[in-house]
Amino acid sequence: PRCRFPAARDSSHHRCAALARAPLPLIFSYKSEKYLCGTGVCPQFDTVWHDLTVQQHLEFYSRVKGIESSAAHIAARSVAMKVGLDGDPYGKLASALSGGMRRRLSIAIALIGNPDIVFFDEPTTGLDPETRRQLWDIIKREQSDGRCVIITTHSMEEADALCSRIGCASLALSPLPLIFSYK
């Protein structure tokens with residue numbers, strides 16, 4: 001299921017009531033909900049609650065993205081299957097997951113609600129080569145579904161494997177020598 005927020009009502013009272021029911025403080029304004037729904041973010045460090053299960057995380061973020069509670073479990077199961085968290089890991093606490101599985105959970109959270117744009121900040125830093133390749137495959141599949149994927153990485157190998165366009169940030173006067181030195 002895609003992210004769907006209810007249409008805004010004219011009365012500011014209704015807006016305030018809707019925001020008061022929101023499970024997390026929202027950084028975005030009420031008018032920015034379409035951007036919240038259409039964007040997924042996977043931060044460099046896993047931000048998961050250790051006392052929640054994979055299922056609880058994904059259902060929670062489904063609700064944050066505006067997916068109806070009746071469809072949240074379907075959205076959670078679907079994205080868990082995409083990233084390989086179905087089966088045993090689905091019912092495990094985040095604290096019981098390996099580093100690679102917690103990273104998959106962060107990626108799943110970013111993908112919940114089928115966002116059009118997904119930001120990945122250092123998606124595979126600190127992972128073993130096999131897990132890194134598996135996560136690259138997941139990211140490539142999401143790109144092939146027509147999503148815009150933006151990645152920040154220090155790994156030129158990762159950038160080359162995942163990106164169709166590469167931009168380098170450097171303190172040098174011109175980024176061209178840096179780009180050509182890695183091509």
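Here the structure is shown first, and the text comes after it.
Presented here is an overview of the structure given in this document. Each chain has its residues counted from 1, running along the sequence as written. Only residues with pLDDT of at least 70 are given local features in this predicted model, and only at 80 or more are side-chain atom pairs given and counted; all residues enter the totals for whole chains, interfaces and linings. Hydrogens and water are ignored here; the side-chain numbers use all heavy atoms of the structure.

**Thoughts on helix H5 (residues 99-111)**
Because the α-helix completes a turn every 3.6 residues, residues three or four places apart line up on one side. Going by this rule: A run of H or I in DSSP becomes a helix once it reaches four residues, and a run of E becomes a strand once it reaches two; helices and strands are each numbered from the N terminus. The span expected for a helix works out to 1.5 Å for each residue beyond the first. Note on classification: 1.4 Å probe, protein chains only; a residue is buried when its accessible area is under 20% of the maximum for its type, exposed when over 50%, partly exposed between these limits. Should any heavy atoms of two residues lie within 4.5 Å, those residues are considered in contact.
Compared with the 18 Å implied by 1.5 Å per residue over 13 residues, the 19 Å span of H5 between its first and last C-alpha is a close match. Summarising burial for H5: 10 of the 13 residues are buried, a large majority. Within H5, burial applies to Gly100, Arg103, Arg104, Leu105, Ser106, Ile107, Ala108, Ile109, Ala110 and Leu111. Against the buried residues of H5 lie strand E1 (39-42), helix H3 (54-64), helix H4 (69-83), strand E2 (117-121) and helix H6 (129-144). Among the residues trailing H5, Gly113 stands out with phi positive, at a value near 85°.

**Thoughts on the packing of H3 against H5**
So the rule is basically this: Helix axes use the C-alpha atoms of the stretch in contact, all axes being lines fitted to C-alpha atoms, and the angles between their N-to-C directions lie in the range 0 to 180 degrees. For classification purposes, angles smaller than 35 degrees are called roughly parallel, those larger than 145 roughly antiparallel, those between 65 and 115 roughly perpendicular, and all remaining angles oblique. Each crossing gets its handedness from the near helix: less than a right angle anticlockwise from the far helix is left-handed, clockwise is right-handed.
The contact between H3 and H5 brings their axes to 9 Å, and the two run at 20°. On the basis of the axis angle, H3 is roughly parallel to H5. Along this stretch, H3 crosses H5, giving a crossing that reads as right-handed. When H3 is examined against H5, the residues Val54, His57, Leu58 and Tyr61 are found in contact with a partner set consisting of Leu105, Ala108 and Ile109.

**With respect to the sheet that holds E1**
In a beta sheet, neighbouring strands are held together by backbone hydrogen bonds and run either parallel or antiparallel to one another. Quick reminder of the rule: Strand pairing is assigned whenever DSSP identifies at least 2 bridges connecting the two strands.
On the basis of which strands lie adjacent, the open sheet formed by three strands has the order E1-E2-E3 and parallel pairing. The open sheet terminates on both sides in strands that have one partner only, identified here as E1 and strand E3 (148-152). Put simply, the sheet's adjacent strands are angled 15° from each other on average, direction ignored. The sheet contact formed by E2 and E3 spans five bridges and is parallel. In the sheet register, Val118 faces E3, and the bridge partner there is Val149. This element, H5, spans E1 and E2 of the sheet and lies at about 165° to E1.

**Some words on the packing of aromatic side chains**
Short version of the rule: Two aromatic rings from Phe, Tyr or Trp, using only the six-membered ring of Trp, form a pair when their centres are within 6.5 Å; if the ring planes differ by under 30 degrees the pair is stacked, by over 60 it is edge-to-face, and anything between is tilted. By definition, being over a ring means that NZ of Lys or CZ of Arg is both within 6 Å of the ring centre and within 35 degrees of the ring normal.
Under the counting rule described, the total for this entry stands at three aromatic pairs. Ring geometry for Phe60 against Tyr61: centres 5.2 Å apart, planes inclined by 85°, an arrangement best described as edge-to-face. Members of the aromatic cluster, each reached through a chain of ring pairs, are Trp49, Phe60 and Tyr61. Geometry around Tyr90 places Arg77 over its ring, the cationic atom sitting 3.9 Å from the centre.

**Comments concerning H3**
Keep this limit in mind: Note that the arc is defined by the directions from the helix axis to the C-beta atoms.
Taken together, the buried positions of H3 are occupied by Val54, His57, Leu58, Tyr61, Ser62 and Val64. In an axial view of H3, the angular spread of the buried residues amounts to 160°, which keeps them on one side of the axis. A positive backbone phi angle near 95° is found at Gly66, which sits one or two residues after H3.

**Quick look at the nonpolar core**
Under the convention used in this document: The term nonpolar core refers to a set of buried residues drawn from Ala, Val, Leu, Ile, Met, Phe, Trp, Tyr and Cys, joined through side-chain atoms within 4.5 Å.
In this structure, Val54, Leu58, Val83, Leu105, Ile107 and Phe120 are the most contacted members of the largest nonpolar core, which totals 33 residues. Residue assignment for this core shows that the elements contributing at least two residues are H3, H4, H5, E2, H6 and E3.

**Things to note about the side chain of Lys65**
We apply this condition: As used in this structure description, the phrase polar contact means that two N or O atoms lie within 3.5 Å; if the pair is within protein, one of them must be able to donate a hydrogen and the other to accept it, and residues adjacent in sequence are counted only when both atoms belong to side chains.
Its location among the elements puts Lys65 in the loop between H3 and H4. Reaching out from Lys65, the side chain makes a polar contact with the backbone oxygen of Thr39 at a distance of 2.7 Å.

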